[in-house]
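# Overview (structure and organization)
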Amino acid sequence: MGYLADMLRAEYENLLVKDVYTSKLGDTDVEILEVSLGEQKFIAMFQSRPLKEGIFRWSLIITSPNNTRTLKGMDPLDGIKLALKSSIDAMMKGMEE
């Protein structure tokens, strides 16, 4: 499993996380997940690559029938976690409405 799947399972007990594709392409980790909240679903595509001493280049695309979010950055793991959590929270809020 990858970083995003592990983080989602740890932070959001109410989400069902299904790995669709997880691989390592060179030094880049790639994950594609199907995430469900009841009858609502979204797809998350995440990739990360280490740059130097704890800094990662990463990108995230989350898409649902009503919304798409795209993020990217260069951060340590705690910065990535904060950005991912914020995006997942916003996606879940949009799914509830």
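What you see is a predicted model, and the numbers here were worked out from it, not measured in a lab. (Residues numbered from 1 in each chain as written. Predicted model: local features only at pLDDT ≥ 70, side-chain atom pairs only at ≥ 80, totals over all residues. Heavy atoms only, no water.)

This brings us to the environment of Leu16. Mapped onto the elements of the fold, Leu16 is located in strand β1 (residues 16-25). If near-sequence neighbours (up to four positions away) are discounted, Leu16 is found in contact with Glu34, Val35 and Ser36. (Helix = DSSP H or I, 4+ residues; strand = E, 2+ residues; numbered from the N terminus. Contact = heavy atoms within 4.5 Å.)

Once that is clear, we can look at helix α2 (residues 77-96). Here α2 contains 20 residues, and its C-alpha end-to-end distance of 28 Å stays within 8% of the 28 Å for a straight helix at 1.5 Å per residue. All of the buried residues along α2 are Ile80, Leu84, Ser87, Ile88, Met91, Met92 and Met95. End-on, the buried residues of α2 take up no more than an arc of 135°, which puts them together on one face. Of the exposed residues in α2, the ones pointing more than 90 degrees away from its buried face are Asp78, Leu82 and Glu96. Contact partners of the buried residues in α2: α1 (3-11), β2 (28-37), β3 (40-52), β4 (55-63) and β5 (68-75). (Expected span 1.5 Å × (residues − 1). Buried < 20%, exposed > 50% of the residue type's maximum accessible area, 1.4 Å probe, protein only. Arc of directions from axis to C-beta.)

Of all ten residues in β2, seven are buried, a share of seventy percent or more. Relative to β2, β1 is paired through nine bridges, and the arrangement is antiparallel. The partner of Lys24 across the bridge, within β2, is Asp29. Connecting β1 to the next strand, β2, in antiparallel fashion are two residues, including Gly26 with a positive phi near 65°. Relative to β3, β2 runs antiparallel, the two sharing nine bridges. Within the sheet, the bridge partner assigned to Leu37 lies in β3 and is Gln40. Between β2 and β3, which pair antiparallel in sequence order, lie two residues; one of them, Gly38, sits at a positive phi of approximately 65°. (Pairing = 2+ DSSP bridges.)

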